[in-house]
Structures are given as C-alpha cells and as structure tokens.
Protein chains: 2
Amino acid sequence: MNFPAHWQARREWIDRALDEYLPPAEAPPTRLHQAMRYSVLGGGKRLRPMLVLDSVAAVGGEPEKALLTACAFECVHTYSLIHDDLPCMDDDDFRRGRPSCHRAFDEATALLAGDALLTLGFQLAAQNAEVKGVSPERVVRVVAELSTAAGATGMVGGQVMDLEAEHREPDAALVEAIHLRKTTALIRAAVRCGAILGGATEKQLEALTQYGKLIGLAFQIMDDVLDIIGDEKTLGKPVGRDQERAKVTYPYVFGLEQSQARAQELIAQAQDALSAFGSEADPLRALATFIVQREQ
Amino acid sequence: MNFPAHWQARREWIDRALDEYLPPAEAPPTRLHQAMRYSVLGGGKRLRPMLVLDSVAAVGGEPEKALLTACAFECVHTYSLIHDDLPCMDDDDFRRGRPSCHRAFDEATALLAGDALLTLGFQLAAQNAEVKGVSPERVVRVVAELSTAAGATGMVGGQVMDLEAEHREPDAALVEAIHLRKTTALIRAAVRCGAILGGATEKQLEALTQYGKLIGLAFQIMDDVLDIIGDEKTLGKPVGRDQERAKVTYPYVFGLEQSQARAQELIAQAQDALSAFGSEADPLRALATFIVQREQ
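None of these values were measured; they are calculated from a predicted model.

## Examining the state of the cysteines
Here, the word disulfide means a covalent bond between the sulfur atoms of two cysteines. Tallying each qualifying case throughout the model produces 0 disulfides over all chains. Among the cysteines around A:Cys88, which has no disulfide bond, B:Cys88 carries the closest sulfur, lying 7.6 Å off. Given the relative accessible area of 24%, A:Cys88 is considered partly exposed. Free cysteine B:Cys75: the closest other cysteine sulfur is in B:Cys71, separated by 6.8 Å. Using a relative accessible area of 1% as the deciding quantity, one classes B:Cys75 as buried.

Right under this line is the structure:
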C-alpha cells in the first residue's frame, strides 16, 4: 500500500467534507463563519479524522459511514487550538503558518468561533445517526466518548494542568498526567469512536484503545521535541515557545535523546497492540510510524 | 396547583442533581472544577431545566427520566453566561449577585470552565441514554437539538450579531433576529427536548415548539426591560448596562411601554399554543405567566 497516496486522498476527502459541513462564509453572521472556516480549513495534518476512518477500516467497517464523526473530531481539535492561542492562555500569534484566529480576526470572534466549533463537533456526531446503517446506540456512545475526552477530565482538564504547571518543578508523573489529558484523550477517543462505528468486538476495541493511548502519548512527546529541534517553516509556528513559557515538557524532564527514545518505544508497543489485526490495520500501523518520523 | 411550591421543589431537585453531576471540587484539576461549580451552583432561576421537566410532564412522560438532559441545558446556559461576561465580550464583573467567573478566578480559568461546561452538557445529554426506558433514538435527537440551538445558527450566532450590532442604528427586524438566536433558540430547544423525551406526538411537538419560541422571545424582551427598570439587588447584576454598551434592545427600538405590551401579547399567544393540552400543561402555563411578571 502506498501510504502517502492513501493519506493524500484521505486528506482531500476530509477537507472536502469539512468544507461542506462548515457554515458557508457568505451566510450571516459572516464574520463568525469566516473565522470558523479560516481556522479549520487552514491546513493541518487531519490526524484525528484520519484515525477515525482508519480505525473503522481496521475492524472491517465502511469509512464513508463515519465521515461526519471524523470531521467532528477535527472541529473539536480546532476549537481547542483557537482557545489555546488566546491571549489569556498561551498567547500565540501563529498557527499552521498563518496568524492565529484572534490575530486574523479579534478576540471575541475567536472565542465564539471556538465555541461554535466545539458545538458543531457534537452536531456532526449526532448527525451521523442519519447515515444508513449507523445505529443510534453507536452514535450515543460516540457522543459520550467525544465529550468525556474533550471535557474536564480530558482535554480541558489537561489544559488547566498545563497552565498550572508553568514555572513549577516538573517530574515524570506530572508531565505524563498532563499529556494523557491534553492530547492523548482525544486521539484515543478518535480511535475508539472509529472502532465503535465500525462494529469492533470488545477485544478489538480494547486493542485499539491501547494503540490510541500509546500513539497519543508518543505524538505529544514528539510535539515537545519538535518545539526544540523542529523547523519553524515546516511547523508553521515559532519553536522554543515551551521553554519561553517554562512549560512542563517531556524533553525538559527526560532530555531530548531519552524523549525521542521513549516515543520510539511507545510506537513499538502500539504496533504490538495491533498484532491480532490483519492488513486492514496497515494504515494505522503506518500512521504510528509517521508520528515518530514527522517533521510537522 | 401551588406553583411556587412546585417550582421550589423542582429547583431543589435540579440543584441536587447538578451538584451530583458536576465534577467534585476536591478532585484535580481543583481550580477548574471549583470554577465550574461556582458558576453553576451560584443561584439562577433554572428556567431551562424547569422547561425540560415540565414539557416531559405536559406530554405525559416521566420527568425523572429527563433529569440529565434538564441539567445539560443548565450547563450549556451557564457556559454562555461565563463566556459572555469575559473582558473581550461584555466585560461584566457581576453575575447572580456575585463576582463573575473571571473575576472570582481568572480569565483562563473562566474560559476553560465555560468550555468544560459546554462539553459536560453534551456528556449529560448522552448519558441520558443509560436511563431505563429512554431510547437512544430520542437521545440522538436531543443532542442534535441542543447543538443546533447552541451553535453558530443559534446562541453563538446571536452573540456575534449582538456584538456586531453595538452602536449601530437598530430596527425591529434586527433586534428580533438577535433575540431569536441569542436566547430563544435554547429555550425553545429545552421545551422541544422535554417533549421529545416525554414521547410527544408530532402535533404536540409542534404546539410546544410554538410555545417555546413565544416565551423565549418574551423572556428576552423582559430581560431588556429589567435592565432599565429592574432592581440591582434582586437581579444580582448592575442595571443600565445595555444602554452603556449601546446594545440593540427591544425598549431601545420600541420604547418601554410597547415592549412590555409586546411581551404580554407573546405570552398570551404562548398560552393559546397550549390550548389542546389538559392540566398536565398547567406548570408550563404558569411558567409563561411568571416570565412577564418576574423581577429577576
């Protein structure tokens, strides 16, 4: 299988769907809609929707029946980026190679665009029940998974812990606790929701949950690593921001080399978690490898 | 029926449920959880959850089976208040007689507490499917209703229009368009979701939708009126803020007297919309009357 071609095709498919599901730029309130579209359609790896679709396929389901849920995850992810960038949070001026939402528009619009995207995420997830062959039972599980992963015990909780930990003496337990909530929860949920919609058995769901958790952690470690050794142009945002803000990061606690080794190790474990799957899981295997090799 | 006693009992029931569903104050991240609890449990009329429960009863359903959804609406409502009060939005220091969330905590915590409450709203709505006798079909409809009412074409859209309209020459069409989105959408959805969970017929749902829209509009008109003639102590927030910010309000366009008359008229129409219902809808009738007589 030619993975770059597979990803390219998937990315185009996801981008077309997002373009369709987002409110039109010319419909009022236009400024809100434009801000939502600016942030969602301005690039991005589409890792979370990709994971939804590839997990559906890994358990023998039909990815096109989960496209709405895949896009729901991208909306929720983008909302978190917009709010993270706000002045009262990380105060970042750049994202994906362009001015961040509140710089391109204004603070109030960015706040509300984030709110609207989080809400749209749940709207799309619910809408998935209208797709033929998708049971409402599964959709309710997806909404529960998505909200748990995004909420106070997941992504938002991780964000708070991340802010609270600034300038504090970090240790391994703290950095892992933050990473598990801030990034891993949503990535793990994307994998789980794909599995649920695809009709996974309990055993398959368990294996994929493990896979999702391991690649989620590895992804955030690599994010921390790239903030040190990455190329600003490729990343689309300035590097060195973590150190500037005295963030609790993996490299800060373990050093650069050990962090990269840890990410490699997690990815190897993630591959092991997929051992019972056949070639249907090859895209998930390739995604795991991509995570430690990526430059953006 | 003794309505004040009915409301008092309902309010206590809702407050107990919210206390149970919100994350515990002592669990980490404590600051986030405390901010969420501060804003939700710090008083409020509980109008939206009340409407959910009374609508269930109006169509012959069991209100206790919709308690999670009732609380979901209060979480979504409270999130909107927290974000509205932020400095980049209305910049309000007081809410429900106490410092607003970002004044009692800080901006970042208030932003994230709002995000977490919106997310919790969807989590509680989804959790309602675990209640015996509640079908996942109905829960999926509730999630769809709630997200549509809260999102870009509903509450968030109304918020944007409200900000955009500041200092602009208002007319009747603009003020109604804003009110329909900013306040009415969520109130109407609360009534609809109660009806859906209670097993309403299409005809009942239609009548209750009409009722919800009419009382929602009347509620916002009275909100505008109370901002002029209300008592700060009873309201728990300073009055005259709309004029200060040159907001587009009903009294600004129509004058105080005509606004009050319009609210009365809408409530009369709302009562008419309930004409096919028996005494099961008496609490909804009383709520409508309360809306134009309220002082807070």
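## Concerning the interface of chain A and chain B
The partner chain B presents 41 residues to the 41 residues of chain A that form the contact. A buried area of about 3,300 Å², summed over both sides, lies between chain A and chain B, and 79% of it is on carbon and sulfur atoms. On inspection of chain A and its partner chain B, the count reaches 0 salt bridges. Taken together, the connections running from chain A to chain B amount to 4 residue pairs in polar contact (both at pLDDT 80 or more). Secondary-structure elements contributing two or more residues to the side of chain A that touches chain B are helix H2 (30-40), helix H4 (67-85), helix H6 (107-127), helix H7 (136-150) and helix H8 (155-165) of chain A. Examining the composition of the side of chain A that touches chain B, we find that 11 residues originate from one element, H6(A), more than from any other. Of the residues that constitute the side of chain A that touches chain B, the class distribution is 27 nonpolar, 9 polar and 5 charged.

## Focus: the nonpolar core
Grouped together as the largest cluster of nonpolar side chains are 201 residues, with contacts concentrated most on A:Leu51, A:Tyr211, B:Leu51 and B:Tyr211. Each residue touching A:Tyr211, except ones within four places of it in the same chain, is listed here: A:Leu51, A:Val191, A:Ala270, A:Ala273, A:Leu274, A:Leu284, A:Leu287 and A:Ala288.

## Brief notes about the environment of B:Ala57
Residue and element names in this part refer to chain B. One can find Ala57 in helix H3 (residues 47-58). Spatially, the C-alpha atom of Ala57 lies 31 Å from that of Gly236, the residues being 179 residues apart in sequence. The contacts of Ala57, once residues within four sequence positions are left out, are Pro63 and Glu280.

## Remarks on the packing of H2(A) against H6(A)
Residues and elements named next belong to chain A. Contact geometry of H2 with H6 gives a least axis separation of 9 Å together with a crossing angle of 70°. Accordingly, the angle class assigned to the pair H2 and H6 is roughly perpendicular. Residues Arg31, Leu32, Ala35, Met36 and Val40 of H2 form the contact with H6, whose participating residues are Thr109, Leu112, Ala113, Ala116, Leu117 and Leu120. Looking at side-chain class alone, the contact of H2 with H6 contains 9 nonpolar, 1 polar and 1 charged residues.

## Description of the relation of the copies chain A and chain B
Screw-axis analysis of chain A against chain B gives a translation of 0.0 Å along the axis, an RMSD of 0.0 Å, and a rotation angle of 180°. Between the two chains, the operation in question is that of a two-fold axis. For chain A, the smallest separation between a C-alpha atom and the rotation axis is recorded for A:Pro136, amounting to 2.8 Å. Counting the interface residues of chain A, we find that 100% of their copies in chain B are interface residues as well, pointing to one common contact surface.

## Remarks on the environment of A:Ile196
All names here are of chain A. With respect to the helices and strands, the residue Ile196 is situated in helix H9 (residues 172-198). A sequence separation of 45 residues divides Ile196 from Arg241, and the C-alpha atoms of the two residues are 37 Å apart. In this structure Ile196 touches Arg138, Arg141, Glu145 and Leu205, once residues within four positions along its chain are discounted.

Cut-offs applied
Counting restarts for each chain: residues are numbered from 1 in the order of the written sequence. Following the order in which they are written, the chains are lettered starting with A and the ligands numbered starting with 1. For this predicted model, a pLDDT threshold of at least 70 governs which residues receive local features, and a threshold of 80 or more governs which side-chain atom pairs are given and counted, while totals over whole chains, interfaces and linings are taken from all residues. Values shown for side chains rest on all heavy atoms present in the structure; no hydrogens or waters enter the calculation. Disulfide: a pair of cysteine sulfur atoms within 2.5 Å of each other. Classification of residues uses two cut-offs on accessible area relative to the type maximum, computed with a 1.4 Å probe and protein chains only: under 20% is buried, over 50% is exposed, and between them is partly exposed. Contact criterion: two residues are considered in contact whenever any of their non-hydrogen atoms come within 4.5 Å of each other. What counts as buried area is the accessible surface, traced by a 1.4 Å probe, that two parts surrender upon association, with contributions from both included. By definition here, a salt bridge exists when the distance from a side-chain nitrogen of Lys or Arg to a carboxyl oxygen of Asp or Glu is within 4 Å. Polar contact criterion, stated in full: a pair of N or O atoms within 3.5 Å, where within protein one must be able to donate a hydrogen and the other to accept it, and residues adjacent in sequence count only if both atoms are side-chain atoms. Runs of H or I in DSSP of at least four residues are treated as helices and runs of E of at least two as strands, each being numbered from the N terminus. Under the scheme applied, nonpolar residues are Ala, Val, Leu, Ile, Met, Phe, Trp, Tyr, Cys and Pro; charged residues are Asp, Glu, Lys and Arg; polar residues are all the others, including Gly. Residues enter a nonpolar core if they are buried and are Ala, Val, Leu, Ile, Met, Phe, Trp, Tyr or Cys, with the set joined through side-chain atoms within 4.5 Å. Fitted lines through C-alpha atoms serve as axes, helices being fitted only where they are in contact, and the angles separating the N-to-C directions of these axes extend from 0 to 180 degrees. The labels follow the angle: roughly parallel below 35 degrees, roughly antiparallel above 145, roughly perpendicular from 65 to 115, and oblique for the rest. Only residues with pLDDT of at least 70 in both copies contribute their C-alpha atoms to the least-squares superposition of the copies.

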